[in-house]
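Spelled out, the chains give:
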Amino acid sequence: GGIIVDRYANDEIGWEKSYKLNVGAEMRTVFGLSANVEYFTERREKILLNRIIPNTMGIIPDVKANLGKAKGKGVDMELNYEKSFNKDLWITGRGTFTYATSEAVEWEEPDYSETPWLSKVGKSLGQTWGYIAERLFIDEADVQNSPQQELGSAVQAGDIKYKDINNDGKINDLDMVPIGYPTLPEIIYGFGATVGYKNFDVSFFMQGSGRSSFLIDASATQPFVDGTRAILQEYADDHWSEDNRNSYALWPRLSTTALATNT
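It should be emphasised that the depicted structure is a prediction, and the values quoted were computed from it without experimental measurement.

A. Seen up close, the packing of aromatic side chains. For the coordinates displayed, the defined rule picks out 3 aromatic pairs. When the ring of F191 is compared with that of F204, the centres are 6.5 Å apart and the planes differ by 75 degrees; the resulting orientation is edge-to-face. Placement of the pair is F191 in strand β11 (residues 187-197) and F204 in strand β12 (residues 200-210), with a sequence separation of 13 residues. With centroids separated by 4.3 Å and ring planes inclined at 25 degrees, the aromatic side chains of Y235 and W251 adopt a geometry described as stacked. Within this pair, whereas Y235 is found in helix α3 (residues 233-237), its partner W251 is found in the segment after α3, the two being separated by 16 residues in sequence. Residue Y235 is classed as buried on the basis of its relative accessible area of 9%. It is R43 that lies over the ring of Y19; its NZ or CZ is 4.5 Å from the centre. A cation over an aromatic ring shows up here: K120 above the ring of W129, its NZ or CZ 5.3 Å from the ring centre.

The following block contains the structure:
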């Protein structure tokens, strides 16, 4: 049946390189309080990326090259406290805080000079892109008088209406913009303490994260698809219908088939 090339040999690729700088300071007091503060930077070069090659060239498998460059920086802090009140009673505590960001410096991508919001350069390595939902379509007239949506399924009243970013009268991949924070948290923090008395001690520890975004998988939570899915209570209580024409409902119109427009 012919020869199929799954992957091209490529002796021009190599390992990514990373250059790091850490500067720290440590302090300790006679009162049992101590702290560590560290500032760090990182520069990454020769990141392995897929080349952008037009399909018309007939090259099907991905071609990779060490073309990416990125940088990151942040601060890491730790605060400790240790105190013995007597031979039987003591307490320790610790708090930590880390803030770190990343940024793509050079990236293999098409010419986005006319659509700069699509470029990964200058954005976090964990940034996601998506469409801006303005509201739900009110009626058929609203659909006809809005930009044509080319997202995989015909639209009607109750479907999501997306914003035409480049004002070309169409909603497609050119209208995707950076949304939310990166998928990896930029802030990680934690704190805890232990109190001991003789042979007993009680401890607690709490931790959290901030400045990150995650996406609920709308295609996996879409109700009634293939007749096998139930509906989440949140969607049942707040969705668009003929009796509830709320253009800002939590979920658009219900359907027994998967609608790419609404997921």
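On we go from here.
B. Region of interest: the pairing of strand β1 (residues 17-28). Here β1 pairs with strand β2 (residues 33-50) via 12 bridges, running antiparallel. Bridge pairing links G24 to E38 in β2.

C. Examining the pattern of salt bridges more closely. Using the criterion set out here, one finds 11 salt bridges in the structure. D142 is the partner of K161 in a salt bridge, and the nearest nitrogen-oxygen pair spans 3.7 Å. Of this pair, K161 sits in strand β8 (residues 160-162) while D142 is found in helix α1 (residues 140-144), placing the two residues 19 residues apart along the sequence. Residue K161 is classed as buried on the basis of its relative accessible area of 12%. Beyond isolated ion pairs, a larger network of salt bridges with shared partners links R135, D142 and K161.

D. Spotlight on unusual backbone geometry. Positive phi outside glycine occurs at K46, with the angle close to 60 degrees. Mapped onto the elements, K46 comes out in strand β2. Even without being a glycine, F224 presents a positive backbone phi close to 70 degrees. Mapping F224 onto the fold places it in the loop between α2 (218-221) and α3. Exposure remark for F224: the relative accessible area of 30% places this residue in the partly exposed category.

E. Quick look at the sheet that holds β2. Read from one edge of the open sheet, 6 strands run β1-β2-β3-β4-β11-β12, paired in antiparallel fashion. Bordering the open sheet on either side are β1 and β12, each of which pairs with just one other strand. The average angle at which neighbouring strand axes cross in this sheet is 10 degrees, direction not considered. Taken together, the 16 bridges between β2 and strand β3 (residues 64-84) define a ladder with antiparallel strand orientation. Pairing of N36 across the sheet is with E78, part of β3.

F. Geometry of the pairing of strand β4 (residues 89-106). For β3 and β4, the ladder comprises 16 bridges, and the chain directions are antiparallel. Within β4, the residue paired with N80 across the bridge is R94. Between the end of β3 and the start of β4, which pair antiparallel, lie 4 residues. Alignment of β4 against β11, held across 11 bridges, turns out to be antiparallel.

G. Layout of the layout of surface pockets. Its volume calculated, the largest pocket comes out at about 750 Å³. I160, Y162, A218, N262 and T263 are, among the 32 residues lining the largest pocket, the residues nearest its centre. When contributions to the lining of the largest pocket are tallied by element, the ones reaching two or more residues are β5 (128-130), β6 (133-136), β8, α2 and α3. Among the elements that make up the lining of the largest pocket, the one with the highest residue count is β6 (4 residues). A volume near 320 Å³ is recorded for the second largest pocket. Element by element, the count of residues in the lining of the second largest pocket is highest for β2, at 4 residues. A breakdown of the residues in the lining of the second largest pocket according to their chemical character gives 7 nonpolar, 7 polar and 5 charged.

Calculation criteria
- Residues numbered from 1 in each chain as written.
- Predicted model: local features only at pLDDT ≥ 70, side-chain atom pairs only at ≥ 80, totals over all residues.
- Heavy atoms only, no water.
- Phe/Tyr/Trp six-rings, centres within 6.5 Å; stacked < 30°, edge-to-face > 60°.
- Helix = DSSP H or I, 4+ residues; strand = E, 2+ residues; numbered from the N terminus.
- Buried < 20%, exposed > 50% of the residue type's maximum accessible area, 1.4 Å probe, protein only.
- Lys NZ or Arg CZ within 6 Å of the ring centre and 35° of its normal.
- Pairing = 2+ DSSP bridges.
- Salt bridge = Lys/Arg side-chain N within 4 Å of Asp/Glu carboxyl O.
- Axes fitted to C-alpha atoms, helices over the stretch in contact; angles between N-to-C directions.
- 1 Å grid on protein atoms, 1.4 Å probe; cavity = no way out; pocket = protein on both sides within 12 Å on 5 of 7 lines; lining within 4 Å.
- Points joined across faces, edges and corners; volume = space filled by probe spheres on them.
- Nonpolar A, V, L, I, M, F, W, Y, C, P; charged D, E, K, R; others polar.

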